[in-house]
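# Summary of structural features
Residue-level listing of the chains:
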There are 2 protein chains.
Amino acid sequence: MADNQRMRISAKADYAVRAALELASVSDDASLKAEAIAAAQGIPHKFLEGILGDLRRGGLVVSQRGGKGGYRLARPADTIAIADVIRVADGPLVSVRGVRPPELSYVGPAESLLPLWIAVRANVRKILGEVTLADVATAELPDEVQDLAEDPEAWTNP
Amino acid sequence: MADNQRMRISAKADYAVRAALELASVSDDASLKAEAIAAAQGIPHKFLEGILGDLRRGGLVVSQRGGKGGYRLARPADTIAIADVIRVADGPLVSVRGVRPPELSYVGPAESLLPLWIAVRANVRKILGEVTLADVATAELPDEVQDLAEDPEAWTNP
DNA sequence: ATGTTTCCCTAGTAAATCGATAGGAAAACT
DNA sequence: AGTTTTCCTATCGATTTACTAGGGAAACAT
């Protein structure tokens, strides 16, 4: 026991963000074909098609069919947060036992668990909600995020 | 699509923390039976037994069989972090696509994703690693966590 | 000793989720 | 027409999740 992983970013969310970053890295009116994104990021092509469909239905990208078709971002890359992409591809950022924190109810000594989960969620949101596709694509993360990532202890395993 | 949840606390992790909190709420040398914890927190009894076994193998609780048996914490409640309990019951706190962040490799405009995941992980660790069973059981969360949880916006859904 | 209580261990299981793949229909362009 | 590319539905095997079942092994009481 104790070898699976909680609080994980799924392959789907990871792929979605990477696809969006490819789109963010080309000039504004240009578009990329699914196949090109798949090749650039090493993502299974048909799987990626489904993900791009989610992003389109979520209003983050627009698509065009045919010979010079493809996908492009629906808004400027500096107005799309990483959290937006993850939520559209994969649902709520944080949940406990399948439900979002505000729906939980705890009794006895566990009563303060709810504010704790809320705090964790707020903290995750704070990062993923303020970092945009443009930030990551240009490798210019906000200072506070940079600082967190530069702490060597953050890279050690447990 | 887009209705499952990423970065979720599993039922098992949630139950494990709640069970540990029940143990934290009784006097130091007293012990609780699995059945009593199950009843107090509304956790399926046999399922909880397995979880308590994990906590024991992880060195967080000690057990005693027989008539006046039960479980108690192996260390004082203010020396056990919530992160300890989750990791013992459920494995690493944060992972991306099944692997821990330092093992990932990204190319092109996705290169800065790695420091971003690291920053998220560091942030989650910071909270769950500093809040102890004693803090939650006595409803006295550290100030910074309290502050995060008090922001009304933290309670709104997306 | 005997019986009761409680933890401990292994196995199983139904349902959901994950990470894909397959096959083709519907647009857009040449 | 013919080509390209998106779009849609369906399926799939493997794993994980959240449990349940059944009994063995200590500890204690009588």
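Residues numbered from 1 in each chain as written. Chains lettered and ligands numbered in written order. Predicted model: local features only at pLDDT ≥ 70, side-chain atom pairs only at ≥ 80, totals over all residues. Heavy atoms only, no water.

Before going further, it helps to spend a moment on the overall build of chain A. A count of helices and strands for chain A gives 7 helices and 4 strands. Helices and strands in chain A line up, N terminus first, as β-α-α-α-β-β-α-β-α-α-α. C-alpha atoms of chain A, sized along the principal axes, occupy 65 × 30 × 30 Å. When the 158 residues of chain A are sorted by exposure, 53% land in the buried category. Of all intrachain contacts in chain A linking residues separated by at least 6 positions in sequence, the fraction that spans at least 24 positions is 53%. Surface exposure of chain A reaches about 7,000 Å², of which carbon and sulfur atoms provide 48%. Of the charged side chains in chain A, 18 are positive and 22 negative, and the gap between their average positions amounts to 12 Å. (Helix = DSSP H or I, 4+ residues; strand = E, 2+ residues; numbered from the N terminus. Buried < 20%, exposed > 50% of the residue type's maximum accessible area, 1.4 Å probe, protein only. Contact = heavy atoms within 4.5 Å. Areas by Shrake-Rupley, 256 points an atom, 1.4 Å probe, with all protein chains shown as cover. Lys, Arg positive; Asp, Glu negative; His and termini not counted. Charge placed at Lys NZ, Arg CZ, Asp CG, Glu CD.)

Turning to its location among the elements, A:Ser112 is positioned in the loop between β4 (95-96) and α5 (113-130). Since its relative accessible area comes to 11%, A:Ser112 is described here as buried. Sequence-distant contacts of A:Ser112, that is, excluding residues within four places in its chain, are made with B:Val136, B:Ala139 and B:Leu141.

Right, let's talk about the relation of the copies chain B and chain A for a bit. Superposition of chain B onto chain A requires a rotation of 180 degrees combined with a translation of 0.0 Å along the rotation axis, giving an RMSD of 0.2 Å. Such a turn and shift between the copies fits a two-fold axis. Relative to the rotation axis, the C-alpha of B:Met7 is the closest in chain B, positioned 1.6 Å from it. Here 100% of the interface residues in chain B have copies in chain A that are interface residues too; the copies meet face to matching face. (Least-squares fit on C-alpha atoms with pLDDT ≥ 70 in both.)

In this model helix α1 (residues 11-24) of chain A runs 20 Å from its N-terminal to its C-terminal C-alpha over 14 residues, within 8% of the 20 Å that 1.5 Å per residue would give. Burial analysis of α1(A) places 13 of its 14 residues in the buried class, the great majority of the element. (Expected span 1.5 Å × (residues − 1).)

On the surface, A:Glu130, A:Asp143, A:Glu144, A:Asp147 and A:Glu150 cluster together into a patch of negative charge. Turning to its location among the elements, A:Glu150 is positioned in helix α7 (residues 143-150). (Patch = residues over 30% accessible without salt bridge, like charges linked within 9 Å, V, L, I, M, F, W, Y side chains within 5 Å. Salt bridge = Lys/Arg side-chain N within 4 Å of Asp/Glu carboxyl O.)

Note: predicted coordinates in regions of low pLDDT should not be interpreted at a detailed level. With 95% of its residues at a pLDDT of 70 or more, chain A shows a mean pLDDT of 93. The low-confidence segment residues 1-5 of chain A (pLDDT under 50) makes 13 contacts with residues lying over four places distant or belonging to another chain. (pLDDT = per-residue confidence, 0-100.)

Contacts between the two partners involve 72 residues from chain B, matched on the other side by 73 residues from chain A. Carbon and sulfur atoms supply 62% of the area that chain B and chain A bury against each other, a total of about 6,800 Å² over both sides. Across the salt bridge formed by A:Arg97 and B:Asp14, the nearest N and O atoms sit 2.6 Å from each other. One can count 18 residue pairs in polar contact (both at pLDDT 80 or more) joining chain B with chain A. (Buried area = accessible area lost by both parts, 1.4 Å probe. Polar contact = N/O pair within 3.5 Å; in protein donor to acceptor, adjacent residues only side chain to side chain.)

Positive phi, close to 60 degrees, is recorded for A:Ala139, a residue that is not glycine. Residue placement: A:Ala139 occurs in the loop between α6 (133-137) and α7.

For the rest of this paragraph, the subject is the packing of aromatic side chains. Residues and elements named next belong to chain B. Summed over all chains, the structure comprises 2 aromatic pairs over all chains. Arranged with centres 5.8 Å apart and planes meeting at 85 degrees, the rings of Tyr15 and Phe47 form a pair that is edge-to-face. Here Tyr15, found in helix α1 (residues 11-24), pairs with Phe47, found in helix α3 (residues 45-57); they are 32 residues apart in sequence, far enough to count as distant. You can call Tyr15 buried: its relative accessible area is 12%. (Phe/Tyr/Trp six-rings, centres within 6.5 Å; stacked < 30°, edge-to-face > 60°.)

We now examine the side chain of A:Arg125. Structurally, A:Arg125 is set in helix α5. The side chain of A:Arg125 sits in the buried core without any salt bridge; B:Glu153 is the nearest counter-charge, 6.5 Å away. Among the polar contacts made by the side chain of A:Arg125, one reaches the main-chain carbonyl oxygen of B:Glu153 at a distance of 3.5 Å.

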